[in-house]
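Fold and geometry: a report
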Amino acid sequence: MKQKRIRLSVITDKFFPLNTASAIRIKALRDAWAASGYFDITVFTATVIENNEDVKYVKSFFLAPSNKSNKVFRLWFEFLLGAEYFFRLLFHRTDLVFISSPPFVVAVLSSFATRIRKIPYIFDVRDLYPEVYFSANILNRNSVISRAIIHLEKSVYQHSFFVTTVTKGLQKHIQEKCGEMEHVYLVRNGYIEKLIDNVSTDTKNEKFTVIFHGNLGTFQDVDLILRLAQKCVDESRDIEFVIIGEGSKDYILQKTTIPNVTYLSRLGIEQVYNKISKAHVGISFRTDNFISCQSFPVKLYEYIGIGLPMIITPKCEAGELIEQYQIGYQFAPFDLELIYSKIVELSENQLSMNKLLENISSIRHRFSREKIAEHFTQLLIYDLKHQHMIKN
């Protein structure tokens with residue numbers, strides 16, 4: 001008898017080919033689910049994508065919330081998209097729902113619909129809400145509203161089929177919040193092997209180049225990047241800075257007149273990888289707070305995949321892994337002089353650079369998104385069989 005396929009619905013605001021962390025993460029998972037043969041997949045997204053044999057896409061009526069919008073407008077658009085998904089899920093025929101968070105409001109409203117219909121859902125936590133609101137000083141942690149949201153967050157986790165998240169720090173936080181909840185799985189991000197393996201790394205820029213790409217929002221330390229670039233100018237160092245991305249802080253880069261800074265705004269993913277491959281060092285500078293200390297920015301995996309040593313702030317879980325494998329360095333955001341000295345050392349000392357490159361080459365295979373997604377898919381199938389949703 002032929003195995004009945006699980007109808008799997010995916011809730012997200014953005015999807016590939018958009019070059020965002022959520023879009024790239026879910027693409028790798030979608031590919032692994034489709035390849036397994038166990039799932040009929042429907043992706044709810046604000047991105048226009050053509051349907052194919054393995055996956056159906058449903059475009060939302062409302063737009064995805066933008067990181068460039070002010071906080072009030074962003075929350076409003078999150079609510080509108082969340083309300084749309086809520087009503088769609090009330091009537092959509094599905095057996096299992098994968099909910100991507102953030103956007104947090106969208107994710108919570110989607111989980112409400114699945115709970116009303118008693119449909120199991122997987123809650124995928126990429127950033128920790130409402131902690132983001134507290135770290136960004138949007139909400140006071142001790143307010144009545146905040147306590148209600150914290151209770152809501154806990155309820156969402158506890159009623160899920162299981163929770164997935166991207167770092168050990170977030171995994172531990174969720175487990176402790178929910179009383180040592182067992183079904184919280186670490187599903188790291190990574191680099192897209194199929195794309196990055198086709199990127200040529202043979203040609204580097206003539207000038208030593210430091211590159212940043214990704215979201216330029218609240219938790220990105222744009223000021224530190226510019227102070228570092230200015231110091232290189234002041235010290236007559238022939239070092240270029242290339243910055244790719246957009247967000248609430250991109251206006252700072254649009255206004256800068258520092259001569260060794262090139263700001264490229266948003267590019268397609270293949271263009272981004274091409275720019276990274278020609279650089280010498282990748283950076284990820286974030287502000288020093290709880291959220292940043294629990295993070296592992298996707299750009300770091302992409303630097304690893306392409307073979308780029310990296311320097312990050314603040315000291316965090318990602319930095320510990322980078323130093324463990326000796327593929328880069330971590331600093332506190334106030335250590336401008338130390339960061340500058342390390343950049344200069346790498347630009348002048350080829351032996352130091354070669355050692356980092358050798359170390360990256362030896363460990364990069366561990367962080368392939370495809371392999372991570374395949375492993376998670378096998379775990380999911382095992383749990384679904386255990387719950388008798390899939391026959392052995």
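Positions within a chain are numbered from 1, following the residues in the order the chain's sequence is written. It should be noted that, the model being predicted, local features are given only for residues of pLDDT at least 70 and side-chain atom pairs only at 80 or more, the latter also being counted only at that level, while totals for whole chains, interfaces and linings use all residues. Calculation of side-chain values draws on the structure's entire complement of heavy atoms; hydrogens and water are dropped beforehand.

Quick notes on the environment of Asp13
Runs of E in the DSSP output that reach at least two residues are strands. Runs of H or I that reach at least four are helices, and both are numbered from the N terminus. One can find Asp13 in the loop between β1 (6–11) and α1 (21–36). Along the sequence, Asp13 and Ile327 sit 314 residues apart, while their C-alpha atoms lie 33 Å from each other. A distance of 3.0 Å separates the side chain of Asp13 from the side chain of Lys14, its partner in a polar contact. A 3.5 Å cut-off defines polar contacts: any pair of N or O atoms within that distance qualifies, except that in protein one atom must be a possible hydrogen donor and the other a possible acceptor, and neighbouring residues in sequence count only when both atoms are side-chain atoms.

Some points on the sheet that holds strand β13 (residues 328–330)
In spatial order, the strands read β10-β9-β8-β11-β12-β13; together these six strands make up an open sheet with parallel pairing. Edge positions in the open sheet fall to β10 (261–263) and β13, since each of these has one partner strand only. Neighbour-to-neighbour, the strand axes of the sheet open up by a mean angle of 20°, direction not taken into account. Note: strand β8 (residues 208–213) against strand β9 (residues 239–244), six bridges, orientation parallel. In the strand pairing of β9, His213 is matched with Ile244. Here, two residues are considered to be in contact whenever any of their heavy atoms come within 4.5 Å of each other. To get an axis, fit a line to the C-alpha atoms, keeping to the stretch in contact for a helix; angles then go from 0 to 180 degrees between the N-to-C directions. On the sheet, helix α8 (residues 222–234) packs against β8, β9, β10, β11 (281–285) and β12 (310–313) and is oriented at approximately 160° with respect to β9. Here helix α13 (residues 317–324) sits on the sheet in contact with β12 and β13, set at roughly 140° to β13. One bridge is not enough; two strands pair if DSSP finds at least two bridges between them.

Brief notes about the nonpolar core
Buried Ala, Val, Leu, Ile, Met, Phe, Trp, Tyr and Cys residues form a nonpolar core when they are joined through side-chain atoms within 4.5 Å. Partly exposed residues are those whose accessible area sits between 20% and 50% of the maximum for their type, while under 20% is buried and over 50% is exposed, using a 1.4 Å probe and protein chains only. If you look at the biggest cluster of nonpolar residues, it comprises 60 residues, and the most contacted ones within it are Trp33, Phe39 and Leu380. For this core, the element with the highest residue contribution is α1, accounting for seven residues. Filtering out sequence-adjacent residues up to four positions away, Phe39 remains in contact with Arg5, Ile6, Leu8, Trp33, Thr377, Leu380, Ile381 and Leu384. Counting 35 residues, the second largest nonpolar core, distinct from the first, contains Leu89, Ile99, Ala136 and Tyr157.

Points about the packing of aromatic side chains
Geometrically, a pair of aromatic rings is defined through the distance of the ring centres and the angle of the planes. When two rings of Phe, Tyr or Trp (its six-membered ring) have centres within 6.5 Å they constitute a pair, described as stacked for plane angles under 30 degrees, edge-to-face for angles over 60, and tilted for the intermediate range. Taken as a whole and judged by the stated rule, the model has 16 aromatic pairs. Measuring from centroid to centroid gives 6.1 Å for Phe162 and Phe376, while their planes differ by 90°, and the two rings are edge-to-face. Separated by 214 residues along the polypeptide, Phe162 in strand β6 (residues 162–165) and Phe376 in helix α16 (residues 369–386) bring together distant segments of the chain. Exposure class is identical for Phe162 and Phe376. Each is buried. Note on Phe296 and Tyr301: the rings are 4.4 Å apart at their centroids and 15° apart in plane angle, and the pair reads as stacked. Overall, Tyr301 belongs to the buried group, its relative accessible area being 0%. One aromatic cluster is present, formed by Phe161, Phe162, Tyr185 and Phe376 through successive ring pairs. Charge-over-ring contacts are defined here by two conditions on Lys NZ or Arg CZ: a distance within 6 Å of the ring centre and an angle within 35 degrees of the ring normal. In this arrangement the basic side chain of Lys342 is found over the ring face of Tyr329, its NZ or CZ atom lying 4.2 Å from the centre.

Coordinates in, geometry out; function isn't part of it.
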